[in-house]
Amino acid sequence: MKNFLVIGVGPHARLNHLPTLWAGRPVGLVGTVIGVDVAGAAGDITAFNSAVDTPELPVTFIEPFDASSRTLPTPVRETLDSLVREHAVDAVVISTEPSYHMVYTHWALERGLSVLLDKPLSVHANCSVDPFQASAILTDFDEVLARYEAVRSARPEVLVAVQCQRRHHPAFLRMHRLVAEVAEATNCPVTSVQSFHSDGQWRLPNELIDISYHSFDQGYGKCAHSGYHFFDIVPWLLRAGERPGKELDSVDIHANFSRPRDFLAQLDVNDYARLFPEFEAANPYTQAQLLAATEAFGEVDAFVSMAYKSGGRTMTLGSINLVHNGFSQRGRFRPARANLYKGNGRVRHESHIIQQGPFQAIHYHSLQTLGDQDTDAADPYRVGGQGHIEVHVFRNSSFDARWKKHETLDYDTLTTVSESGPEEPTQSASRRRAIQEFLEYLNGRRTREQMSSELTDHRRGAALMAGTYLSAAQQWVDGSPVARLDFRPHGGGTAAPAVRLNDPSTCDLMDVPL
């Protein structure tokens with residue numbers, strides 16, 4: 001059985017990673033599980049370990065350090081190295097704040113440890129206002145990929161997997177197959193794709209400053225909080241429709257952001273004083289103070305337009321629209337949970353509309369009425385629950401009489417059966433499957449070729465995230481609104497950064513060798 005070090009024992013790891021790791025013990029996949037977190041998290045972790053239904057997690061605490069560090073501080077490195085030796089650690093789960101992902105991944109690879117890496121792969125403070133920091137997101141990927149490939153040449157068993165659960169979701173797997181079928185039959189790629197996600201995180205004005213978890217004060221926001229899931233899944237779906245001679249090799253990106261200062265114009269402190277009687281007494285900030293403090297904060301909402309190209313010709317038009325400030329079920333002034341990560345009325349609405357020329361249209365809709373932790377329903381997506389999930393497939397039956405003109409795939413249809421039981425079309429179940437796949441690989445029950453989300457397959461997602469922030473940052477400094485990036489799956493094929501700024505002082509477009 002394999003032993004695991006979980007770096008970052010925050011709400012996400014406690015909800016997703018740890019329960020799946022513990023479930024792997026009785027089936028022979030997991031041995032020892034230990035954790036590491038910063039000293040400031042001790043109170044939350046003590047409360048977590050005190051829960052009657054939670055196995056004890058030994059956690060070692062380290063001192064915080066600057067997220068811009070390229071290497072771990074010596075005391076942190078020595079602490080981690082000691083834990084690896086003492087507990088014979090085989091693999092690392094990295095679930096920290098995302099600006100620390102790269103430094104921990106480099107450390108783990110230097111020691112020949114496999115990694116389950118949380119999304120996004122990388123983010124930099126102020127990347128929404130500084131073009132250099134935005135471009136560094138893709139540079140980070142190219143550097144860690146080069147390190148990974150070097151380590152694999154000596155230790156071929158080492159694996160870096162990225163936890164992007166939609167690749168494991170039955171609905172997305174079905175959509176991938178549907179796109180591939182029509183591409184094979186017609187030679188037509190995906191010609192347009194529209195993606196939307198809202199999580200209804202209603203954050204009150206004082207919370208913009210006072211709550212730091214998944215906040216905006218580091219100069220990034222929604223695109224880094226959950227946006228990478230969509231920067232990942234859209235290229236994954238597009239790839240199913242790529243055909244010889246129609247491979248996507250570049251992308252033009254234009255992003256529009258709504259930031260906290262805009263959010264505070266939509267509803268100002270006077271509005272909140274009318275909406276919540278207790279707001280005025282509890283809020284310590286004036287409107288002017290809030291506007292000054294949040295000036296360079298990251299995005300609340302992002303609407304991003306893409307033109308995916310092959311040989312200079314647009315193959316696919318797309319949009320990825322990401323919203324925190326959407327329909328919510330929060331109704332009280334004081335949040336039920338201080339970190340706003342789950343509950344507090346957060347409600348997910350997600351849709352994808354895929355067009356494949358005149359041959360096929362696919363509509364995916366996943367809509368909740370209540371949030372996952374705001375209902376006692378065992379399964380909020382089943383008929384009669386508080387939400388629904390459906391895929392509608394339209395095919396040109398006049399062109400091919402064998403095709404159904406319309407088919408609806410609902411929750412029960414999308415639920416599949418595997419050796420471990422029903423595979424339900426929910427995000428929580430898909431997250432478990434992503435972790436389970438990593439455990440199976442480490443224990444020799446799955447080959448590298450059977451992995452759904454290895455690091456080597458994530459350059460396009462990193463490019464979309466970097467390009468989105470680059471577009472926004474260039475606009476912040478009055479530069480071009482469009483970022484053009486290399487969109488080939490493996491970039492230029494070298495360890496050198498695959499993108500560079502022509503002139504960082506003027507924030508021109510990325511110069512991409514094609």
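S.K.: Before we move on, can you summarise unusual backbone geometry with the specific residues and values?
M.R.: In this chain, K119 is followed by P120 through a cis amide linkage whose omega measures -15°. With respect to the element layout, P120 can be found in the loop between β5 (114–117) and α5 (131–154). The backbone of D478 shows a phi angle near 65°, a positive value even though the residue is not glycine. Overall, D478 belongs to the exposed group, its relative accessible area being 73%.

S.K.: Run through the packing of helix α1 (residues 11–23) against helix α15 (residues 427–442), naming residues and quoting values.
M.R.: Orientation of α1 relative to α15, taken along the N-to-C sense of each, is 45°, at an axis distance of 9 Å. The pairing of α1 with α15 is recorded here as oblique in orientation. Two packed elements cross with a definite hand, and for α1 against α15 that hand is right-handed. Between α1 and α15, the contacting residues are H12, N16, H17, T20 and L21 on the first element and R431, R432, I435, Q436 and L439 on the second.

S.K.: Describe in detail the nonpolar core, supporting the description with residues and values.
M.R.: Nonpolar side chains tend toward joint burial in soluble globular proteins. L5, Y104, W107 and Y469 are the most contacted members of the largest nonpolar core, which totals 116 residues. Ranked by residue count, the leading element in this core is helix α9 (residues 228–241), at nine residues. In this structure, L5 is in contact with I34, G35, V36, L80, L83, V89, A91, V92, V93 and W107, ignoring residues within four places of it in sequence. In this structure, L208, F216, L290 and F333 belong to the second largest nonpolar core, which totals 13 residues.

S.K.: Which residues make up helix α6 (residues 170–186), and what values go with them?
M.R.: The end-to-end C-alpha distance of α6 is 25 Å, a good match for the 24 Å that 17 residues give at a rise of 1.5 Å each. Those residues of α6 lying buried are P170, A171, F172, M175, L178, V179, V182, A183 and T186. Two residues or fewer after α6 comes N187, characterised by a positive phi angle close to 70°.

S.K.: Explain the pairing of strand β2 (residues 30–38) to me, using residue names and the numbers behind them.
M.R.: The element β2 is largely enclosed, with a buried count of seven among its nine residues. Bridging between strand β1 (residues 2–7) and β2 involves five bridges; their strand directions are parallel. For K2, the partnering residue across the bridge sits in β2 and is V30. Once you follow β1 into α1 and on to β2, the crossover reads as right-handed. Inspection of the sheet shows β2 paired to strand β3 (residues 59–62) by four bridges, in the parallel sense.

S.K.: So what about the confidence of the model for the protein chain? Which residues, and what values?
M.R.: This prediction gives the protein chain a mean pLDDT of 91; 91% of its residues lie at or above 70. A low-confidence stretch, residues 374–386 (pLDDT under 50), is modelled with 30 contacts involving residues beyond four sequence positions or located in other chains. Note that residues 493–514 has pLDDT below 50 and, in this model, 50 contacts with residues that lie over four places away or in other chains.

S.K.: Mind laying out the packing of α1 against helix α2 (residues 42–50), listing which residues take part and the relevant values?
M.R.: At their nearest, the axes of α1 and α2 sit 14 Å apart, and the two run at 45° to each other. Judged by the inter-axis angle, α1 sits oblique to α2. Remark: the crossing between α1 and α2 carries right-handed chirality. Within the contact between the two elements, α1 uses R14, L18 and W22 and α2 uses D44, I45 and F48. For the contact of α1 with α2, a count of residues per class yields four nonpolar, no polar and two charged.

S.K.: Got a sec to walk through the environment of A288? Specific residues and values, please.
M.R.: Take A288: it is sitting in helix α13 (residues 287–293). For the pair A288 and H352, spaced 64 residues apart in sequence, the C-alpha to C-alpha distance is 39 Å.

S.K.: I'd love a proper account of the sheet that holds strand β6 (residues 160–162), names of residues and values included.
M.R.: Taken in spatial order, the six strands make up an open sheet running β3-β2-β1-β4-β5-β6, and their pairing is parallel. Edge positions in the sheet fall to β3 and β6, since each has one partner strand and no second. Taking the axes of each pair of neighbouring strands and ignoring which way they run, one obtains an average angle of 20° across the sheet. For β5 and β6, the ladder comprises three bridges, and the chain directions are parallel.

Rules behind the numbers
- Position numbers for residues start from 1 in each chain and track the written sequence from start to end.
- Two thresholds apply to this predicted model, a pLDDT of at least 70 for residue-level local features and 80 or more for giving and counting side-chain atom pairs, whereas whole-chain, interface and lining totals are computed over all residues.
- The side-chain values count all of the structure's non-hydrogen atoms but skip hydrogen atoms and water molecules.
- Here a helix means four or more residues in a row that DSSP labels H or I, a strand means two or more in a row labelled E, and each is numbered from the N terminus.
- Each residue's exposure class comes from its accessible area (1.4 Å probe, protein chains only) as a fraction of the maximum for that residue type: buried when under 20%, exposed when over 50%, partly exposed otherwise.
- All axes here are fitted lines through C-alpha atoms, helices being fitted over the stretch that makes contact, and every angle between N-to-C directions spans 0 to 180 degrees.
- Oblique is the label for any angle not covered by the other classes, which are roughly parallel (under 35 degrees), roughly antiparallel (over 145) and roughly perpendicular (65 to 115).
- Note: crossing handedness is left-handed where the near helix turns anticlockwise from the far helix by less than a right angle, and right-handed where it turns clockwise.
- Throughout, a contact is declared for two residues whenever any of their heavy atoms are within 4.5 Å.
- Here the nonpolar core consists of buried residues drawn from Ala, Val, Leu, Ile, Met, Phe, Trp, Tyr and Cys, with membership extended through side-chain atoms lying within 4.5 Å.
- In a helix, the anticipated span is given by 1.5 Å times the number of residues less one.
- We call two strands paired when DSSP finds no fewer than two bridges between them.
- Clockwise travel from the first strand over the helix to the second, with the strands pointing away from the viewer, marks a crossover as right-handed.
- Each residue carries a pLDDT value, the predictor's own confidence for that position, ranging from 0 to 100.
- Nonpolar residues are Ala, Val, Leu, Ile, Met, Phe, Trp, Tyr, Cys and Pro. Charged residues are Asp, Glu, Lys and Arg, and all others, Gly as well, are polar.

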